[in-house]
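Here is how the chains run, residue by residue.
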Number of protein chains: 2
Amino acid sequence: MIECMKKRRTIRKYTQQPIPDELLNELLEVASKASNTGNMQLYSVVVTRDQRGKERLAPAHFNQPMVTAAPVVLTFCADANRFVKWAEQRKAEAGFDNLQMFMAATIDAMLFAEAFAEAAEEKGLGLCYLGTTAYNAGEIIKILSLPRLVVPIITITLGYPEEPLPAQSERLPLAAILHEESYHDYTPESIDRFYKEKEELAVNKEFVRINHKETLAQVFTDLRYPKANNEHFSEVLLQVLKEQGFLKDE
Amino acid sequence: MIECMKKRRTIRKYTQQPIPDELLNELLEVASKASNTGNMQLYSVVVTRDQRGKERLAPAHFNQPMVTAAPVVLTFCADANRFVKWAEQRKAEAGFDNLQMFMAATIDAMLFAEAFAEAAEEKGLGLCYLGTTAYNAGEIIKILSLPRLVVPIITITLGYPEEPLPAQSERLPLAAILHEESYHDYTPESIDRFYKEKEELAVNKEFVRINHKETLAQVFTDLRYPKANNEHFSEVLLQVLKEQGFLKDE
């Protein structure tokens, strides 16, 4: 499977081949063996197969076409609700309505999601993670009827890959992300060195050109992840965390 | 590797066999192929091999013995610092000092960590995730010299497993974590049904007995994750997010 991981690429186009229930359930069950906080399993997954359900979710993901095109959409949620309901029923008072338990539940949801992704890819499936989930968590909460102490963290669109497969996207050299013993902060020289290959890739140069920008970084900061958007959606997320019970009003 | 995942268990005791640099680097490089937000790779990993370094980290993990006993300790961090430094050097203004980008970076760090864990386990290594990282993030930041816009999210202690292997811990039935089409909230009956097997396990009954509690849930809420602790460490985390630049003072 390490060989499978080396070749991995994000799959955004799927064939019409359906994913059998038994396969999906096997993959989710395997993924649930992943580590989690104190074996409390502070996560849930909502599986959307119904076409109308996908159409309702699509706007929350800025209408990226994978949402309605994929046979299955999985929304992975941080979930303290199930645990707290269990505790209440067992004469136990769970103080899980706070930021630290939101972090624990987020970690659990992410470990579960990535273990699922690895297993799915080994079975020949292809997938795309949608980071838009945390941007429009409030809408997704309404669409999927998520109760208090449940917040959607990440979405996976899943299906059998349509040929031809897309190119594998580049990564920074290992030295750029690895710090031995302590963090060695970046210098102008190391930044130049670590980003050189990325900046010189033809596909990235083309990306700069068609977006009429001067540098690749500007494509990210001006178009893809602009400050005003990040700040707006941060306010939205803060509000969602308060509404779902993980953060107190100050 | 799905077979490997089915059998996975947390490994807290390691042999003295060292982990070669080449193997560790191969695993980290493979893990970097995992998905991440917009291919910005908003994460870093700090590798601790030095015994003194492990001893300095240990108190931040409440002196759990794995920290000093493992050949390698890996601290996975949400990292927007590298990206922002790159942007600054390329005439681009990155507005990444906010909660939404902290979430994106946390997601990236977790996908990277779990891909690493899966690859490591396939190579015969054993590991333990330490969720204490987010509790004492402030101390870890000092020990590892993490700059602004870098927050430690999760730690892995890594080594070759010492025999005999521990028992595999149980999981809730799939139906407990899986919601078809929308979230179906738990009822007293479904809670009883989903937690029955867990509560009836001999090891969990013994856990309740030795801790002099009435129910298994009370072991979690009174001893392992008490409300006062969760709230204290939530305040600490809020403060860390402000200090590291991901959250504004209101």
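The coordinates are above.
Just so it is clear, the model here is predicted, and its values are computed rather than measured.

### Quick look at the pairing of strand 2 (residues 72-79) of chain A
Residues and elements named next belong to chain A. Counting buried positions over the 8 residues of strand 2 gives 8, a clear majority of the element. Burial along strand 2 is two-sided: Val 72, Leu 74, Phe 76 and Ala 78 and Val 73, Thr 75, Cys 77 and Asp 79, pointing in opposite directions, are all buried. With 6 bridges connecting them, strand 1 (residues 43-48) and strand 2 associate as antiparallel partners. Bridge pairing links Thr 48 to Val 73 in strand 2. As paired elements, strand 2 and strand 4 (residues 150-159) share 8 bridges and run antiparallel to each other. Note on strand 4: the bridge partner recorded for Cys 77 is Pro 152.

### Notes on the sheet that holds strand 4 of chain A
Pairing between sheet strands relies on hydrogen bonds along the backbone, with the strands arranged either parallel or antiparallel. Taking strand neighbours across the sheet as the criterion, the 5 strands line up as 3(A)-4(A)-2(A)-1(A)-5(B) in an open arrangement whose pairing is mixed. Edge positions in the open sheet fall to strand 3 (126-130) of chain A together with strand 5 (178-180) of chain B, since each of these has one partner strand only. Adjacent strand axes in the sheet meet at a mean angle of 25 degrees when their direction is disregarded. The strands that helix 6 (residues 99-122) of chain A touches are strand 1, strand 2, strand 3 and strand 4 of chain A; relative to strand 4 of chain A, the one it contacts most, it runs at about 10 degrees.

### Brief notes about unusual backbone geometry
Looking along the chain, the bond that leaves Glu 163 of chain A and enters Pro 164 of chain A is cis, with omega of -10 degrees. Even without a glycine there, the phi angle at Phe 62 of chain B is positive, about 55 degrees. Structurally, the position occupied by Phe 62 of chain B is in the loop between helix 3 (51-57) and helix 4 (66-69).

### Overview of the pattern of salt bridges
Taken as a whole and assessed by the stated rule, the structure comprises 30 salt bridges over all chains. For Asp 21 of chain B, the salt bridge goes to Arg 49 of chain B, with nearest N and O atoms at 3.0 Å. Of the two residues, Asp 21 of chain B sits in helix 2 (residues 21-31) while Arg 49 of chain B sits in the loop between strand 1 (43-48) and helix 3, which places them 28 residues apart along the sequence. Assessed through its relative accessible area of 26%, Arg 49 of chain B is described here as partly exposed. Between Asp 222 of chain B and Lys 213 of chain B there is a salt bridge whose closest N-O contact spans 3.0 Å. The structure contains a network of salt bridges with shared partners spanning Glu 3 and Lys 6 of chain A together with Glu 26 of chain B.

### Topic: the relation of the copies chain B and chain A
Superposing chain B onto chain A takes a rotation of 180 degrees combined with a translation of 0.0 Å along the rotation axis, leaving an RMSD of 0.0 Å. Both chain copies can therefore be described as sitting about a two-fold axis.

### Re the interface of chain B and chain A
Taken together, the 115 residues of chain B in the interface contact 115 residues of chain A. Among the residues of chain B in contact with chain A, Trp 86, Gln 100 and Tyr 183 of chain B are the three that bury the most area, contributing 8% of the side total. Applying the counting criterion to the chain B and chain A interface returns 10 salt bridges. Its salt-bridge partner being Lys 91 of chain B, residue Glu 214 of chain A comes within 2.6 Å of it at the nearest N-O pair. Scanning the region where chain B abuts chain A turns up 78 residue pairs in polar contact (both at pLDDT 80 or more). Take the side of chain B that touches chain A: its biggest share by element is 15 residues, from helix 6 (residues 99-122) of chain B. A per-class count over the side of chain B that touches chain A returns 56 nonpolar, 28 polar and 31 charged. As paired strands, strand 1 of chain A and strand 5 of chain B are joined by 3 bridges and run parallel to one another. When the sheet's bridge partners are listed, Val 46 of chain A is paired in strand 5 of chain B with His 179 of chain B.

Parameters and conventions
Per chain, residue numbering runs from 1 following the sequence as it is written. Following the order in which they are written, the chains are lettered starting with A and the ligands numbered starting with 1. Confidence filtering applies because this is a predicted model: local features only for residues at pLDDT of at least 70, side-chain atom pairs given and counted only at 80 or more, and all residues used for totals across whole chains, interfaces and linings. Side-chain calculation: all heavy atoms of the structure are included, whereas hydrogens and water are not. Any residue under 20% of the maximum accessible area for its type is buried, any over 50% is exposed, and the rest in between are partly exposed; the area is computed with a 1.4 Å probe on protein chains only. The secondary structure listing takes helices from DSSP runs of H or I that are at least 4 residues long and strands from runs of E that are at least 2 residues long, numbered from the N terminus. Here the rule is simple: two strands pair whenever DSSP picks up at least two bridges between them. Axis definition: a line fitted to C-alpha atoms, limited for helices to the stretch in contact. Angles are taken between N-to-C directions and run from 0 to 180 degrees. It only takes one pair of heavy atoms within 4.5 Å for two residues to be counted as in contact. Any carboxyl oxygen of Asp or Glu that lies within 4 Å of a side-chain nitrogen of Lys or Arg is treated as forming a salt bridge with it. The copies are overlaid by a least-squares fit using only the C-alpha atoms of residues whose pLDDT is at least 70 in both copies. Once two parts are put together, the accessible area they lose, assessed with a 1.4 Å probe and summed over both, is termed the buried area. In the analysis that follows, any N or O atom pair within 3.5 Å is treated as a polar contact, provided that within protein one partner can donate a hydrogen and the other can accept it, and provided that, for residues neighboring in sequence, both atoms belong to side chains. Polar here means any residue outside two lists: the nonpolar Ala, Val, Leu, Ile, Met, Phe, Trp, Tyr, Cys and Pro, and the charged Asp, Glu, Lys and Arg; Gly therefore counts as polar.

On their own, these measurements won't tell you what the molecule is for.
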